[in-house]
Amino acid sequence: MDRSRLILVGVVAVLTMSAVPVLVKSTDANAVTVGIVRLAIAVLAFMPLVLFRGHVFSFTRKQWLQLALIGCTFGFHWLAYFLSIKLATASIATLTVLTYSVQYLILAYFFNRESIKPVEWLAIAISFGGCIIVSPELSLENDVTLGIAIGLFAALLYAAMPLLHQRASDISTLERTFGQFFFALVVFLPLWSEANWALQRTDIYQLLALGLLCTVVSHGLWVKSSTELPAIYSSMIYFLYLPGAVIGSVLFLDEELTARKLLGCAIVLVASASLSLYRYRRRQLEA
C-alpha cells in the first residue's frame, strides 16, 4: 500500500478511536462493564487467527510472562482511562491520556538511558501544565481533578506499553496483540461483581460499537498503518485523537467548550507534537 493510502488508513483509525471517550461517557455501563465487553469481543475476534497459526503453542515461559506483563499493564491502563472519563469529561480525560507521549520520554530516560535536552524537559513541563490549566481546583475531592489524576496515571501505563513491546519483539505482532487483550481481560474478570449489566438497548449498541468498531476494526487499521509508516507520521496522526474526541464530545455530549479548556488542549497538543518533531529532527542530525 502506498504512503498516501496508509496515511488515510491511519487517520480513519485514529478518528474511529477518538469515539471511545464519547461512547464511554454516554453509556450507563460503568468502567468495568466497558472493559469486560471490549476485551471479550477483541479476544474472541483474534483467537481463531492465533489458534490457526499455532505459534502460541511453542511459546517459552519467558514469552508468556512478557505477554502477561503487557496485558496486565494494558488492562490497568484501560481501567484507569475509563474511570477518568466517567469522573471528568470525555475531552479532559483524552487530554490527560495524550500526555503519554511525554511520559514515554521520561520512562525511556530512566529505563533506556535516552538523553533528554533541557528544551525537551521544558516541553514535558508545559504539557503537564496544560492539564493543570483545565483542572477546576487542585483538590482530589473534586471529581474532575480526580479524573485528571487518574488519567495521568493511565497515560503513564500507556507510555510503558512501547517499552514492553520492544522487549517482546521476538513475538509476532498478532500474538502480542492477542496476548495484550487476553491478559487485560484477566485483569478485569475479578472485578465482575462491580460491573453493571442492567442496561438499556442503547447501552448495548454503544458497547458493541466500542468492541467491534473502536477495538477490533480501528486497532487493526492502526496496526497496519503504524507498522508500515515512518514513526513520525504515526505520531502526528495519533495527535488527531484529541481534536476528534473534543469535537465528538461537543456534538454528541453537549460538553461545554470553554476558553480554558481550549487553551489546555492547545498547550498539550502543541507541546507534545513539537516534542515529537524535535526528537525526530534531532535523530536525523545525529545519524
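Source: prediction; values computed, not measured.

Glancing now at the environment of Lys117. If you trace the backbone, Lys117 turns up in the loop between α6 (100–111) and α7 (118–134). A relative accessible area of 38% means that Lys117 is categorised as partly exposed. Considered as a pair, Lys117 and Ser218 are 101 residues apart in the sequence and their alpha carbons are 35 Å apart. Those residues in contact with Lys117 that lie beyond four places of it in its chain are Tyr278 and Arg282.

As a further point, take α6. The end-to-end C-alpha distance of α6, which contains 12 residues, comes to 16 Å, matching closely the 16 Å that a straight helix rising 1.5 Å per residue would cover. Of all the positions in α6, only Tyr100, Ser101, Val102, Gln103, Leu105, Leu107 and Ala108 are classed as buried. Looking at the buried side of α6, the elements it contacts are α5 (90–97), α7, α8 (143–167), α11 (231–238) and α13 (259–286). Two residues or fewer past α6, Arg113 is found with a positive phi of approximately 55 degrees.

Moving on, we come to the packing of aromatic side chains. Any two aromatic rings considered together are summarised by their centre-to-centre distance and by the angle between their planes. Within this structure, the stated rule accounts for 17 aromatic pairs. Geometrically, the ring pair formed by Tyr109 and Trp121 is edge-to-face, given 5.5 Å between the ring centres and 80 degrees between the ring planes. Of the two residues, Tyr109 is situated in helix α6 and Trp121 in helix α7; the sequence distance between them amounts to 12 residues. Given the relative accessible area of 33%, Tyr109 is considered partly exposed. By relative accessible area, which is 35% here, Trp121 ends up partly exposed. In this structure, Arg3 is placed above the aromatic ring of Tyr233, and the distance from its NZ or CZ to the ring centre is 5.0 Å.

With that out of the way, let us pick up the UniProt feature "domain: EamA" (unreviewed entry) in the chain. According to UniProt, the feature "domain: EamA" (unreviewed entry) maps to residues 7–135 and 146–274 in the numbering used here. Between the end C-alpha atoms of residues 7–135 the distance is 34 Å, and the span holds 82% helix and 0% strand.

What follows covers the state of the cysteines. Enumeration over the complete set of coordinates arrives at zero disulfides. For the unlinked cysteine Cys265, the closest cysteine sulfur is that of Cys131, found at 9.2 Å. Look at Cys265 and you get buried, because its relative accessible area is 8%.

Moving on to unusual backbone geometry. Of note, Arg113 is a non-glycine position whose phi angle comes to about 55 degrees, a positive value. Position of Arg113 relative to the elements: it lies in the loop between α6 and α7. Even without being a glycine, Asp254 presents a positive backbone phi close to 55 degrees. Tracing the chain through its elements places Asp254 in the loop between α12 (241–253) and α13.

Now for the side chain of Arg176. Within the fold, Arg176 resides in helix α9 (residues 173–188). The side chain of Arg176 sits in the buried core without any salt bridge; Asp170 is the nearest counter-charge, 6.8 Å away. Separated by 3.3 Å, the side chain of Arg176 and the backbone oxygen of Ala168 make a polar contact. Apart from the residues lying within four places of it in its own chain, the contact partners of Arg176 are Leu67, His165, Ala168, Ser169 and Ile171.

Take the pattern of salt bridges next. Considering all chains together, one arrives at six salt bridges under this definition. Glu175 is the partner of Arg53 in a salt bridge, and the nearest nitrogen-oxygen pair spans 3.0 Å. Taken together, the positions of Arg53 in helix α3 (residues 31–53) and Glu175 in helix α9 put the pair 122 residues apart, joining distant regions of the chain. Its relative accessible area of 37% is what places Arg53 among the partly exposed residues. Residue Glu175 is classed as buried on the basis of its relative accessible area, which comes to 1%. With its nearest N and O atoms 2.9 Å apart, the salt bridge here joins Arg279 to Glu114. In this pair, Arg279 is assigned in helix α13 and Glu114 in the loop between α6 and α7, connecting sequence segments 165 residues apart. Each of the salt bridges in this network shares a partner with another, and the network as a whole consists of Glu114, Glu120, Arg279 and Arg282.

Cut-off values and rules
- Residues numbered from 1 in each chain as written.
- Predicted model: local features only at pLDDT ≥ 70, side-chain atom pairs only at ≥ 80, totals over all residues.
- Heavy atoms only, no water.
- Helix = DSSP H or I, 4+ residues; strand = E, 2+ residues; numbered from the N terminus.
- Buried < 20%, exposed > 50% of the residue type's maximum accessible area, 1.4 Å probe, protein only.
- Contact = heavy atoms within 4.5 Å.
- Expected span 1.5 Å × (residues − 1).
- Phe/Tyr/Trp six-rings, centres within 6.5 Å; stacked < 30°, edge-to-face > 60°.
- Lys NZ or Arg CZ within 6 Å of the ring centre and 35° of its normal.
- UniProt positions renumbered as here; feature names shortened; annotations may be inferred.
- Disulfide = S-S within 2.5 Å.
- Lys, Arg positive; Asp, Glu negative; His and termini not counted.
- Salt bridge = Lys/Arg side-chain N within 4 Å of Asp/Glu carboxyl O.
- Polar contact = N/O pair within 3.5 Å; in protein donor to acceptor, adjacent residues only side chain to side chain.

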